[in-house]
Amino acid sequence: MMTMKSLEKKLQKADRKQAALYLFCNFVSLLLITAYSAMMFSPTVLKVLPEGGDSRKQMTAIFVLALFGCVVFTIYASSLFFRKKARQLGTLMALGASGKRLLPGLLREVLLLSSVSSFAGILAGFPFVWLLWNGFRLAITDSAQMELQIDLKCLYLSALLFVIVVMFSCLMAYRYLKRTNIMEVMHEEHRNEPVKEWGTWCGPVGILLVFVGAVLGYVAPFIYMALFSAYSPVWINLFYLPVFPGLYMIMLHTVVHGWGARRKQPYKNLIARSMMKFQGKQTVNNLLVSTVLIMGSAFAIFYIPMLAVGNLMEVKDRAYDYFYHYRADQTVPGKEEISDLAGKYDLGIADFKSAPYLMLAMDGTTEVEDGGGKFHYEHIDFLQEAKFFSEASFEMLTGEEITVEPGQYFAIANTEETALYYLNAGCSKLTNMATFQNIPVSFAGYAHYDMLVDSMGYYVVSNEDYERIGQELTPEWMGTCAFFNVDGEDSYDFAQDFFYTLVDSFGPECEMPIYYDRVKKYDEELKGEVYWGDTDRMTQISYSRPDDSDFRLYWTYMPKSRALDRGDFVNSFSVYLMMFLFIAIICSLAAMIISYTRCMTIALNNRYVFEDLKRLGASPDFLIKEIKGQAGPVFRIPAIVGMCAMYLLYAMLMIMNDGKLTGGEVGGLIACFLILGGLAFVYYLVYRRTLRGMCTQLEVV
Amino acid sequence: MLYVKNLHKSYQSGSKSYSVLKGIDLSVAKQEFVAVMGPSGSGKSTLLNCISCYIPFEEGTITLGGKELKGLDKNALAKVRNEKLGFVFQDFMLLDGLTVRENILVPRIIQGKVEREAEKLADQLMALFGINHIAGKYPADISGGERQRTAVARSLINQPLLILADEPTGNLDSKSSRAVIESFESARNKLGASIFMVTHDSFAASFCDRVILLKDGVVYDTLEAGVGHREEKRSAFQDRLLDAIRKMSSLDAESEKDTAGGM
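Residues numbered from 1 in each chain as written. Chains lettered and ligands numbered in written order. Predicted model: local features only at pLDDT ≥ 70, side-chain atom pairs only at ≥ 80, totals over all residues. Heavy atoms only, no water.

**Considering the state of the cysteines**
Taken as a whole, this structure holds zero disulfides over all chains when the rule is applied. This cysteine, A:C599, is not joined by any disulfide, and A:C695 carries the nearest cysteine sulfur, 11 Å off. Looking at B:C53, it has no disulfide partner, and the nearest cysteine sulfur is the one in B:C50, 9.5 Å off. Relative accessible area serves as the criterion here: at 9%, B:C53 is assigned to the buried category. (Disulfide = S-S within 2.5 Å. Buried < 20%, exposed > 50% of the residue type's maximum accessible area, 1.4 Å probe, protein only.)

The structure is reproduced here in structure tokens:
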């Protein structure tokens, strides 16, 4: 005997196909978010990405975008499911089933479907991230630091999305049955979603808003800091908000008006356009989400070429094959030992040059935090530690002529002067940290030598001042720089051996990252404070793991070697590269799935239109053109807008960083452009596959 | 049985209100087969939706089996739809996942009273409408006429006071249309059912005892079927219906002409 429960069960069984899309969307969303958050909270990644650093902020920002996209996607999927379910619910209500009678069954079904699919997505997220990550390790690069560790904290975010999906589905079920008008429920399946039309102005205004939002968002923190003498709060990012209505208006213009010269040919693509318009509401939402995800994907993928090209160009342009420096209290290999080592690899050493430097304290004015994000500028006597050459040493080392008057100093910058923010151009006094004697100085300008650039900074003083300030300076405040070339074809094996030998020769007192500033430590301890470098907040490096990214990037005495830096580039930046590649894949995948799903839904909803067109004698070619008219914008517009917007934004950021584009940045942007071409091609392949799917669905050969 | 008095219904579109029903009075007696005809926009479907308790109305009363429908809450209206009314829709509205027999039993399942007696009644209805051979088939596997006869059987399973049919032949060919209308006749003659049908089809309407012509939200005319041999009576009634409809349309055309001439 059939009961309401068994009737509902039977109907649910028959509706499996309808539910499949809903299950798939929930599953994919939860899978992507779980995979992303597993990676984001992975100790492997967190260890490499400095807290508060730009990379971590970028990763979080893209995650927020991906989460937003997935939430919209699941909401869309559940609305589709309910549209399909509406006929069944409407029939039962028309036959006298009250909403109260139908609600428990519907809630049971929705709860089961949404929770099972979401839970399966969460479970599948872990093997997915593991497979992807280890696929990278197999195919691209591998190192001990790349072993993926997963922190179950990542489940918080998955659980949050799980709750959103399940709650929203139940809420939607409730809302459907609460509708008083049965007619509306019954006709829901055939209901159009016409988008509210705006004038043709909305496209150009949208582009303007995107531009204004990008510029405002970028400059707002600087203006805030200048106006209020405080670090900009998080809400300052709201200035980026105009980008979103701008994107929405661009999408709306695309759906409603299109970008072609329509006035001249008002009947061109009329059917495709009108179909698009009547499904406009969801289409615009989907286009927007896809665009945002593609922007996220492009942003992540740009990281790799920008880093790689700049780095490889810098390595290629070096004047010497090798550069290393060490403190005077360390016993490190000299010219002879290095020659012996090179001999093992049938190599010789040429052009060996070395020169001493002093490590002195510089004074200067800097921002001092007052708490609550506020700061003020203060002159500090012991502001920072820096390395100083004498005029003669600098000329001998670099071959560059320089004239430094006594009482002056030059800061050594790279030729393009892109990293000036590390250099102190406001110093008035240099202090010997052994005797605390000081000499007055003034900034005379920049000297240039690309190989003598690091975040501690190299400077040049006159020979007289060098002698004067260096008197009685102890060995731990003195050092030596050395350059040499390899006679013949350089060998990676020699470079690696040299690097390991050098690391082994340093004592534990030098096991510190370059940000560890002994002058700052002195200053803070003088004030009775604990130097932050002695806390856990400072990146830790270890001689026992010389191949780690952290070690290669941050060790104070990290040598430069063309062969090693080229050969180990991928390895040194492996975690960064993998993480951003991973983000790009996840965001692209999500955008492609959303576009595919939207196209298949458009095909499903417009099936009757295509049937009518067939009856009116439309040829398969005509029908395929109309299908392309639907699928084309869904794929094309987010790809074009997302990629172009992010490309321009990135170029703008590069220019605004230092007011110009360096050679490395230009090279990086060219590489980004080529990568976008590749991504567009993949997107095109998915578009072709979608077209085939739509043609099959609409039975158009 | 069914009494509709001074029924008013209007729709709101933006700030404008459009009056669709402007004071309808009608009644359907027990075992009576009544059709409502009229041009598009005359208010036929709105009238049916008001009687079906699908949409609320502003003014007037609808009384079914002595019970006033206005003021009932949603659950009470659902109960009325389930127990006192039977429905036949233009697009059948059968549930695809259920067999013909199960579809017929749906109103009983909703009621929670699927006993042996209900199953027996379902079998009888299928036999009466000539669909017992497809009892185990699904809607996708049967013809349009069979689907509509299944819907007619479903509308009778709770032995309602009144069957409401919305363009029941709208999606059918003439042969299937006849079979469906004959099943309404059988329901009335053999089961004592009352039927209230909205239709555009003068052939289907010609089987009725009475046809109400609706125009611009008011009852324009009511025509009663004559007496005599069944087919002759039906044919003559169809002719009269067509005449009345023509007259109603020509009046429209004349008034349009007058308006144009006066301009």
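**Remarks on the domain arrangement of chain A**
Residues and elements named next belong to chain A. Looking at the assigned domains, one finds that chain A contains domain 1 (1-190), domain 2 (192-316 + 564-701) and domain 3 (322-489 + 507-542). Centre-to-centre, using C-alpha coordinates, domain 2 lies 46 Å away from domain 3. In this complex, domain 2 contributes nine residues to the contact, which on the side of domain 3 involves eight residues. Buried area between domain 2 and domain 3, both sides added, is near 850 Å², and the carbon and sulfur share of it is 53%. Of the residues belonging to the side of domain 2 that touches domain 3, the class tally is four nonpolar, three polar and two charged. (Domains from an automatic or database assignment. Contact = heavy atoms within 4.5 Å. Buried area = accessible area lost by both parts, 1.4 Å probe. Nonpolar A, V, L, I, M, F, W, Y, C, P; charged D, E, K, R; others polar.)

**Considering the packing of helix α21 (residues 607-615) of chain A against helix α22 (residues 620-658) of chain A**
Residue and element names in this part refer to chain A. Running from N to C, α21 and α22 point in directions that differ by 155°, and their axes come no closer than 10 Å. By the angle class used here, α21 and α22 are roughly antiparallel. The two elements α21 and α22 cross, and the hand of that crossing is right-handed. Where α21 approaches α22, its residues F610, L613 and K614 are matched on the opposing element by F622, L623, E626 and I627. Residue composition of the contact of α21 with α22, grouped by class: five nonpolar, no polar and two charged. (Axes fitted to C-alpha atoms, helices over the stretch in contact; angles between N-to-C directions. Helix = DSSP H or I, 4+ residues; strand = E, 2+ residues; numbered from the N terminus. Parallel < 35°, antiparallel > 145°, perpendicular 65-115°, else oblique. Left-handed = near helix turned anticlockwise from the far one by under 90°.)

**As for unusual backbone geometry**
Even without being glycine, A:D351 reaches a positive phi, approximately 55°. Here the phi dihedral of B:F92 falls at roughly 65°; this positive angle occurs in a residue that is not glycine. Note that B:F92 resides in the loop between β6 (85-88) and α3 (100-111). For B:F92, a relative accessible area of 9% translates into the label buried.

**Considerations on the interface of chain A and chain B**
Residue-level contacts link 26 residues of chain A with 29 residues of chain B. The tally of links between chain A and chain B comes to two salt bridges. One salt bridge in this structure joins B:E102 and A:K10, with 2.6 Å as the shortest N-O distance. At the junction of chain A with chain B, the criterion picks out seven residue pairs in polar contact (both at pLDDT 80 or more). Sorting the residues of the side of chain A that touches chain B by element identifies α1 (4-14), α4 (54-94), α5 (99-139) and α7 (182-186) of chain A as the ones contributing at least two each. Considering each element in turn, the side of chain A that touches chain B owes the most residues, six residues, to α4(A). Here the residues of the side of chain A that touches chain B are counted per class, giving 14 nonpolar, seven polar and five charged. (Salt bridge = Lys/Arg side-chain N within 4 Å of Asp/Glu carboxyl O. Polar contact = N/O pair within 3.5 Å; in protein donor to acceptor, adjacent residues only side chain to side chain.)

**Quick notes on helix α16 (residues 518-526) of chain A**
Residues and elements named next belong to chain A. Listed as buried for α16 are R518, V519, D523 and E524. Those residues of α16 that are buried are in contact with β1 (322-327), β2 (348-371) and β3 (374-390). The backbone nitrogen of V519 has a side-chain oxygen 2.9 Å away, supplied by the residue at the start of α16, namely D517. Trailing α16 by a residue or two, G528 shows a phi angle of about 80°, which is positive.

**Notes on a nonpolar patch on the surface**
Residues and elements named next belong to chain A. A grouping of L208, F211, V212, L216, W235, L238, F239, L241 and F244 is seen on the molecular surface, where their side chains present a nonpolar patch of about 850 Å² in accessible area. The element contributing the most residues to the nonpolar patch is helix α8 (residues 202-228), with four residues. Within the secondary structure, V212 sits in helix α8. Judged by its relative accessible area of 33%, V212 is partly exposed. (Patch = residues over 30% accessible without salt bridge, like charges linked within 9 Å, V, L, I, M, F, W, Y side chains within 5 Å. Areas by Shrake-Rupley, 256 points an atom, 1.4 Å probe, with all protein chains shown as cover.)

**A closer look at the environment of A:A66**
Residues and elements named next belong to chain A. Within the secondary structure layout, A66 lies in helix α4. Along the chain, A66 and I583 lie 517 residues apart, while their C-alpha atoms are 9.3 Å from each other. Ignoring any residue separated from it by four or fewer positions in sequence, one finds A66 in contact with I33, Y36 and L293.

**Describing the sheet that holds strand β9 (residues 210-215) of chain B**
Residue and element names in this part refer to chain B. Across the sheet, six strands lie side by side as β6-β7-β8-β3-β9-β10; this open sheet has mixed pairing. Taken across any chain shown, the strands that pair with only one partner, and hence form the sheet edges, are β6 and β10 (218-224). With strand direction ignored, the average angle separating the axes of adjacent strands in the sheet is 20°. In this structure, strand β3 (residues 33-37) lies alongside strand β8 (residues 195-198), joined through four bridges in parallel fashion. In the sheet register, V36 faces β8, and the bridge partner there is V198. (Pairing = 2+ DSSP bridges.)

**Concerning the side chain of A:S297**
Residue and element names in this part refer to chain A. Among the secondary structure elements, S297 is positioned in helix α11 (residues 280-316). Residue S297 is classed as buried on the basis of its relative accessible area, which comes to 1%. If we skip the residues at most four places from it in the chain, S297 touches A584, C587, S588 and L679.

**Some remarks on the pairing of strand β4 (residues 408-413) of chain A**
Residue and element names in this part refer to chain A. Most of β4 sits inside the fold, with five of its six residues counted as buried. One ladder, built from six bridges, connects β4 with strand β7 (residues 442-448); its direction is parallel. For I412, the partnering residue across the bridge sits in β7 and is A447. The sheet contact formed by β4 and strand β8 (residues 458-461) spans three bridges and is antiparallel. Its bridge partner lying in β8, A411 is registered against Y459.

**Some remarks on the sheet that holds strand β5 (residues 67-68) of chain B**
Residues and elements named next belong to chain B. The strand order β2-β1-β4-β5 describes an open sheet built from four strands, whose pairing is antiparallel. Since the sheet does not close on itself, it has two edges, and those belong to β2 (16-28) and β5, each with one partner. The sheet contact formed by strand β4 (residues 59-64) and β5 spans two bridges and is antiparallel. Note on β5: the bridge partner recorded for L64 is K67. Helix-sheet contacts for helix α1 (residues 44-51) involve β1 (2-13), β2 and β4, and the interaxial angle to β1 is about 115°.

**Quick notes on the pattern of salt bridges**
Close approach of charged atoms lets side chains of opposite charge pair. Residue and element names in this part refer to chain A. Taken as a whole and assessed by the stated rule, the structure comprises 30 salt bridges over all chains. The closest approach of N and O atoms between D523 and K527, which form a salt bridge, is 3.0 Å. Look at the salt bridges and you will find they share partners, linking D15, K85 and E109 into a network.

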